[in-house]
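Working through the structure, step by step
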Amino acid sequence: MFRNDSYHPDHFNCTHCGKELTAEARELKGELYCLPCHDKMGIPICGACRRPIEGRVVNALGKQWHVEHFVCAKCEKPFLGHRHYEKKGLAYCETHYNQLFGDVCYNCSHVIEGDVVSALNKAWCVNCFSCSTCNIKLTLKNKFVEFDMKPVCKKCYEKFPLELKKRLKKLSELASRKSHPKAMDLNSA
């Protein structure tokens with residue numbers, strides 16, 4: 001059957017080389033071609049349906065796609081020209097990329113959409129990165145101190161008791177020595 005009409009199999013020959021066609025035959029502009037001749041014509045094949053692409057082509061992930069077949073790996077909605085994000089050879093819409101691979105804010109526990117503040121070995125939403133004592137909004141340009149794994153602005157830190165500041169300074173020095181050990185002097189041993 002071809003276009004709802006019955007034919008003898010030997011009536012199906014490649015338009016280009018004349019070879020008898022198999023089930024792998026491809027149609028292009030009303031003409032039938034064997035797979036090798038079709039491939040030589042340089043017509044892109046969709047990475048999803050494996051059919052020829054005659055209209056608009058999406059080039060992504062090292063393949064070519066029908067516009068409607070280039071979809072999010074999670075929700076399967078077509079991107080239709082919208083931005084996509086790639087991870088491990090798959091394409092995702094922004095929502096699902098963030099849900100699956102995005103940074104989670106240390107403060108509010110939501111996936112961070114937009115800019116990420118990386119401080120104190122944690123990720124923060126821009127709006128959540130603030131002094132844990134007075135809640136003033138901080139940026140990485142502000143001076144702040146880590147206290148209880150959270151940022152404290154310089155103004156609040158100055159109000160800490162002297163003994164606490166001494167202990168924090170000592171802990172900070174110990175931590176920096178562990179991360180940057182000095183070379184041992186073998187002559188003094």
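Right, let's walk through the structure included here. Since we're looking at a predicted model, the values are computed, not measured.

1. Here's the deal with the nonpolar core
- Grouped together as the largest cluster of nonpolar side chains are 13 residues, with contacts concentrated most on Ala119, Trp124, Phe129, Cys131 and Val152.
- Within the residue set of this core, elements represented by two or more residues are strand S7 (116-119), strand S10 (150-153) and helix H3 (154-158).
- Excluding residues that lie within four positions of it along the chain, Trp124 makes contacts with Cys105, Tyr106, Asn107, Ile112, Asp115, Val116, Val117, Ala119, Phe129 and Pro151.

2. Quick word on the pairing of strand S9 (residues 144-147)
- Strand direction decides the pairing type here: S9 and S10, joined by four bridges, are antiparallel. Opposite Phe144, over in S10, you have Cys153 as the bridge partner.
- What sits between the antiparallel neighbours S9 and S10 is a turn of two residues, in which Asp148 has the positive phi angle 60°.

3. Focus: the packing of aromatic side chains
- Tallied over the entire structure, the rule returns ten aromatic pairs.
- Aromatic side chains Trp124 and Phe129 sit 5.4 Å apart centroid to centroid with 65° between the ring planes, which places their arrangement in the edge-to-face category.
- The class of Trp124 is buried, set by a relative accessible area of 2%.
- On the basis of relative accessible area, Phe129 is assigned to the buried category, the value being 0%.
- Each residue in the set Tyr85, Tyr92, Tyr97 and Phe101 is aromatic and connected to the rest through ring pairs, giving one cluster.
- Of note, Lys122 hangs over the ring of Tyr106, and the distance from its end group to the ring centre comes to 5.1 Å.
- The cationic tip of Lys165 hangs over the ring face of Tyr157; the distance from NZ or CZ to the ring centre is 5.8 Å.

4. Some points on helix H2 (residues 94-101)
- Along H2, the residues classified as buried are His96, Tyr97 and Asn98.
- Against strand S5 (85-87) and strand S6 (90-92) lie the buried residues of H2.

5. Some remarks on unusual backbone geometry
- For Leu80, which is not glycine, the phi dihedral falls at a positive 45°.
- Summarising the element assignment, Leu80 is placed in the loop between strand S4 (63-66) and S5.
- One non-glycine residue with positive phi stands out, namely Asn135, at about 70°.
- By the secondary structure assignment, Asn135 is in the loop between strand S8 (122-125) and S9.
- Classification of Asn135 by relative accessible area gives exposed; the value is 59%.

Procedures and definitions
- Residues numbered from 1 in each chain as written.
- Predicted model: local features only at pLDDT ≥ 70, side-chain atom pairs only at ≥ 80, totals over all residues.
- Heavy atoms only, no water.
- Core = buried A, V, L, I, M, F, W, Y, C linked by side-chain atoms within 4.5 Å.
- Buried < 20%, exposed > 50% of the residue type's maximum accessible area, 1.4 Å probe, protein only.
- Helix = DSSP H or I, 4+ residues; strand = E, 2+ residues; numbered from the N terminus.
- Contact = heavy atoms within 4.5 Å.
- Pairing = 2+ DSSP bridges.
- Phe/Tyr/Trp six-rings, centres within 6.5 Å; stacked < 30°, edge-to-face > 60°.
- Lys NZ or Arg CZ within 6 Å of the ring centre and 35° of its normal.

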